[in-house]
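Coordinates in review
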Amino acid sequence: MKLNNLYLDILKPIEFVKNFKTKEAFIEWCMLGTVEDLKATRKAFEEDELYKHLTIIQELIEKREL
């Protein structure tokens, strides 16, 4: 499945997350993509050790897979 362009553009997650002023804004952005998009995003964030954001992404994946 081809990923949404919003997710393909994440080359440097550490720089990317600086765009979000609040946790809610990050969650809102995450909800724009599919579960597959979130899983791909999770992988990129794991490589940069962004654990706070990984927790949010994982929670959203679990909720959406139910």
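Sequence order sets the numbering: in each chain, residues are counted from 1 along the sequence as written. Local features are withheld for residues below a pLDDT of 70 in this predicted model, meaning they are given only at 70 or higher, and side-chain atom pairs are given and counted only at 80 or more; totals for whole chains, interfaces and linings count all residues. Hydrogens and water are ignored here; the side-chain numbers use all heavy atoms of the structure.

Stacked, tilted and edge-to-face are the three classes applied to pairs of Phe, Tyr and Trp rings, where Trp contributes its six-membered ring and a pair requires centres within 6.5 Å; stacked means planes under 30 degrees apart, edge-to-face means over 60, and tilted covers the rest. Across all of its chains, the model carries four aromatic pairs by this definition. Here the aromatic rings of F20 and F26 are separated by 5.4 Å at their centres, their planes lie at 80 degrees, and the arrangement is edge-to-face. Each member of the pair F20 and F26 is classed as buried. Centre to centre, the rings of F20 and W29 are 6.0 Å apart; their planes meet at 55 degrees, and the pair counts as tilted. Taken together, the aromatic side chains of F20, F26, W29 and F45 make up a single cluster linked through ring pairs. The buried label applies to any residue whose accessible area, calculated with a 1.4 Å probe on protein chains only, is under 20% of its type's maximum; exposed applies above 50%, and partly exposed to all values in between.

With that out of the way, let us pick up the nonpolar core. The term nonpolar core refers to a set of buried residues drawn from Ala, Val, Leu, Ile, Met, Phe, Trp, Tyr and Cys, joined through side-chain atoms within 4.5 Å. Counting residues in hydrophobic clusters, the biggest one holds 16 residues, and the most contacted among them are F26, C30, F45 and I57. Think of it this way: any DSSP run of H or I at least four residues long counts as a helix, any run of E at least two long counts as a strand, and we number them from the N terminus. At five residues, helix α5 (residues 51-65) tops the list of elements feeding residues into this core. Every residue in contact with I57, bar those within four places of it in the chain, is listed here: F26, C30, L38, T41, R42 and F45. Contact definition: two residues touch when any of their heavy atoms are within 4.5 Å.

Side chains three or four residues apart in an α-helix point the same way, a direct result of the helix having 3.6 residues per turn. Working rule for helices: expected span equals 1.5 Å times residues minus one. With 15 residues, α5 should reach 21 Å at 1.5 Å per residue; the first-to-last C-alpha distance of 21 Å fits that figure. Among the residues making up α5, those that are buried are H53, L54, I56, I57, L60 and I61. Looking straight down α5, one finds that the buried residues subtend no more than 160 degrees of arc, so they occupy a single side. Residues of α5 that are exposed and angled more than 90 degrees away from the buried face: Y51, K52 and K63. Arc definition: it is the arc formed by the directions from the helix axis to the C-beta atoms.

Any Lys or Arg side-chain nitrogen located within 4 Å of an Asp or Glu carboxyl oxygen qualifies as a salt bridge. On inspection of all chains with the given rule, the structure shows one salt bridge. The residue E65 makes a salt bridge to K39 at a minimum N-O spacing of 2.8 Å. Here the residue E65 occupies a position in helix α5, and K39 occupies one in helix α4 (residues 35-47), the gap between them amounting to 26 residues.

With that settled, consider the confidence of the model for the protein chain. Fine structural detail should not be taken from predicted coordinates in areas where pLDDT scores are low. For every residue, the pLDDT score states the predictor's confidence, bounded by 0 at the bottom and 100 at the top. In the predicted model, the protein chain carries a mean pLDDT of 81, and the fraction of residues at 70 or more is 83%. Taken element by element, the protein chain is modelled with least confidence in helix α1 (residues 5-8), mean pLDDT 58, and with most confidence in α5, mean pLDDT 91.

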